[in-house]
Amino acid sequence: MFKSGKLSELKAVVHFTSQDDNYPASNLVNYKLNRCWKCSRGESATGRASVTLELSSAVFVQEIGITNAGSAFIQVDGLVSEGSTPVPLLPMKPLMSEAECRGDPATSDAFTSTRTYTRADFASNSFRRFKHLVVTVMQPFKLGLQFGLGRLTVKQPTFANKIHNNSPSLSDPSKWER
């Protein structure tokens, strides 16, 4: 899915607001299953669900890959450590248009599309190491539809674990290896 960087392992699900027993949040950390996370049918009426994922180590995030599972919007916040104040990483981004959301999930590719977000998409103050990611998905246009994520991958710069935190090159993402 990505052209550069090192894949960061998603270690565990720390918290979720909703999950369907057939599509649990743990599917996001178990790539071998190739199954998605979806909110429960009852919770889908709120149009919002979130999951907090622990990364195997604290990393600078270079890219985030998303495979949609019926969500209209996504937002990702980073946590330096569990319980710390969330830092906006990926501001709210559309995954589908309103017209696509109102379409038939069985026939529309938008419900399962894949997107990659890079540093250019991230909030300007998000340049730091994160140990946890809080992923919030929304589906306000088709309440009652189960939605979530098909897959989430995180890439870090290839040098991120080889240098010191106060290195001047960290402040300039254009110097990151590609």
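Anything mentioned here points back to the structure above.
What counts, and at which threshold
- Residues numbered from 1 in each chain as written.
- Predicted model: local features only at pLDDT ≥ 70, side-chain atom pairs only at ≥ 80, totals over all residues.
- Heavy atoms only, no water.
- Phe/Tyr/Trp six-rings, centres within 6.5 Å; stacked < 30°, edge-to-face > 60°.
- Helix = DSSP H or I, 4+ residues; strand = E, 2+ residues; numbered from the N terminus.
- Buried < 20%, exposed > 50% of the residue type's maximum accessible area, 1.4 Å probe, protein only.
- Salt bridge = Lys/Arg side-chain N within 4 Å of Asp/Glu carboxyl O.

## Re the packing of aromatic side chains
Working step 1: Summed over the entire model, instances satisfying the criterion amount to two aromatic pairs.
Working step 2: For the ring pair phenylalanine 60 and phenylalanine 127, a centre distance of 5.0 Å and an interplane angle of 25° mean the geometry is stacked. Residue phenylalanine 60 is found in strand S4 (residues 48-60), and its partner phenylalanine 127 is found in the loop between strand S8 (114-118) and strand S9 (129-138); the two are separated by 67 residues along the sequence.
Working step 3: Residue phenylalanine 60 is classed as buried on the basis of its relative accessible area of 5%.
Working step 4: Ring geometry for phenylalanine 73 and phenylalanine 141: centres 5.9 Å apart, planes at 50°, overall tilted. Within this pair, whereas phenylalanine 73 is found in strand S6 (residues 73-79), its partner phenylalanine 141 is found in the loop between S9 and strand S10 (148-156), the two being separated by 68 residues in sequence.

## As for the pattern of salt bridges
Working step 1: Taken as a whole and judged by the stated rule, the model has three salt bridges.
Working step 2: Glutamate 54 is the salt-bridge partner of lysine 11, the closest N and O atoms lying 3.9 Å from each other. Here lysine 11, found in strand S2 (residues 10-16), pairs with glutamate 54, found in strand S4; they are 43 residues apart in sequence, far enough to count as distant.
Working step 3: Between lysine 131 and glutamate 54 there is a salt bridge whose closest N-O contact spans 3.5 Å. Within this pair, whereas lysine 131 is found in strand S9, its partner glutamate 54 is found in strand S4, the two being separated by 77 residues in sequence.

Worth remembering: the numbers are spatial, not functional.
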